[in-house]
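Structural overview for review
Here's the letter readout for the chains.
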Amino acid sequence: MAKFTVDQSHSQVGFEVKHMMVSKVKGQFDAYTAEVEAENLEDLTTAQIAFSFDVASINTRSVDRDNHLKSADFFDVEKYPTITFKSTNITKDGDDYKVTGDLTIKDVTKPVTFDVEFGGKGKNPWGVDVYGFEAEAKINREEFGLTWNAALETGGVLVGKDIKIKVELEVNPAA
């Protein structure tokens, strides 16, 4: 198994959630680590993948919202500073993949499956192999203990239950 490095300057770990039943709030985690090992990244079924997200690095482009998300109402970053994902099964689905693994948020671990698209392989200007992937999964935040909400005067709630997790990765062989 070869080790691969996620090029964080060309990668992003983001999410989106319904806001006030009519629009979406998007955000990302600016600090994370990733471990990727595989025989060959052109066949993702050989891979073992692990991520750890620094919850304090959450960024929704609103300091007040980010501080609320870090509080005990949501992620409780003082008590639960990281979110982790570790793959348990990877299957080929046509030209794409299903990557199933254990997602842990606030000490709640549940299986989650990401739909993964292989973007291809190329060489960067320094002759290093580069692999691209896009992944998406949907979770119910309440199943992970993220239950805070507020009712709206017009009906409905301030924050939707479903969270889309979107990951865009550029991966290189580890030096």
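For the structure, see preceding data.
The following refers to the structure shown.

Conventions adopted
Residues numbered from 1 in each chain as written. Predicted model: local features only at pLDDT ≥ 70, side-chain atom pairs only at ≥ 80, totals over all residues. Heavy atoms only, no water. Helix = DSSP H or I, 4+ residues; strand = E, 2+ residues; numbered from the N terminus. Rg over C-alpha atoms; globule rule 2.2 N^0.38 Å. Buried < 20%, exposed > 50% of the residue type's maximum accessible area, 1.4 Å probe, protein only. Contact = heavy atoms within 4.5 Å. Core = buried A, V, L, I, M, F, W, Y, C linked by side-chain atoms within 4.5 Å. Pairing = 2+ DSSP bridges. Salt bridge = Lys/Arg side-chain N within 4 Å of Asp/Glu carboxyl O. Phe/Tyr/Trp six-rings, centres within 6.5 Å; stacked < 30°, edge-to-face > 60°.

1. Notes on the overall build of the chain
The helix and strand inventory of the chain stands at 1 helix and 11 strands. Secondary structure elements of the chain, listed N to C terminal, follow the sequence β-β-β-β-β-β-α-β-β-β-β-β. Relative to a compact globule of 175 residues, whose C-alpha radius of gyration would be 16 Å, the chain shows 17 Å and is just as compact. In terms of overall dimensions, the chain has C-alpha extents of about 55 × 30 × 30 Å along its principal axes. By residue count, 39% of the 175 residues in the chain fall in the buried class.

2. Regarding the environment of Thr147
Tracing the backbone shows Thr147 in the loop between strand E10 (129-140) and strand E11 (159-173). Each C-alpha atom of the pair Thr147 and Asp43 lies 38 Å from the other, and the pair is 104 residues apart in sequence. Not counting chain neighbours up to four residues away, the residues in contact with Thr147 comprise Arg141 and Glu142.

3. Re unusual backbone geometry
Phi at Arg61 is positive, roughly 70 degrees, even though this residue is not glycine. Turning to its location among the elements, Arg61 is positioned in the loop between strand E6 (58-59) and helix H1 (63-70). One non-glycine residue, Asp107, lies in the positive phi region at around 65 degrees. Look at Asp107 and you get exposed, because its relative accessible area is 65%.

4. Looking at the nonpolar core
Judged by nonpolar contacts, the single largest core of 45 residues is most densely connected at Leu41, Leu44, Phe75, Leu103 and Phe114. Examining the composition of this core, we find that 6 residues originate from one element, E11, more than from any other.

5. Things to note about the pairing of strand E5 (residues 48-54)
Of the two faces of E5, only one is covered, namely that formed by Ile49, Phe51 and Phe53; the face formed by Gln48, Ala50, Ser52 and Asp54 stays uncovered. Here strand E4 (residues 32-38) runs beside E5; their pairing, made up of 6 bridges, is antiparallel. Bridged to Glu37 within E5 is Gln48. Where E5 and strand E7 (residues 82-93) come together, 5 bridges link them in antiparallel fashion. Note on E7: the bridge partner recorded for Ser52 is Thr84.

6. Considerations on the pattern of salt bridges
Counted under the stated rule, the structure contains 12 salt bridges. Taking the shortest distance from any N to any O, the salt bridge between Lys121 and Asp129 comes out at 3.8 Å. Judged by relative accessible area, Lys121 falls into the partly exposed class, the value being 43%. Take Asp129: its relative accessible area is 19%, and that puts it in the buried class. The network of salt bridges with common partners includes Glu16, Lys24, Lys26, Lys164 and Lys166.

7. Notes on the packing of aromatic side chains
Summed over all chains, the structure comprises 9 aromatic pairs. Judged by centre distance (6.4 Å) and plane angle (55 degrees), the ring pair of Tyr32 and Phe53 falls under tilted. Pair noted here: Tyr32 is in strand E4 and Phe53 is in strand E5, with a separation of 21 residues, a long-range link. Overall, Phe53 belongs to the buried group, its relative accessible area being 9%. Seen from their ring centres, Phe51 and Phe53 are 5.7 Å apart, and the 15 degrees between their planes marks the pair as stacked. Taking the relative accessible area as the measure of exposure, Phe51 reaches 10% and is therefore buried. Through a chain of ring-to-ring contacts, the aromatic side chains of Phe15, Phe29, Tyr32, Phe51, Phe53 and Phe75 assemble into a single cluster.

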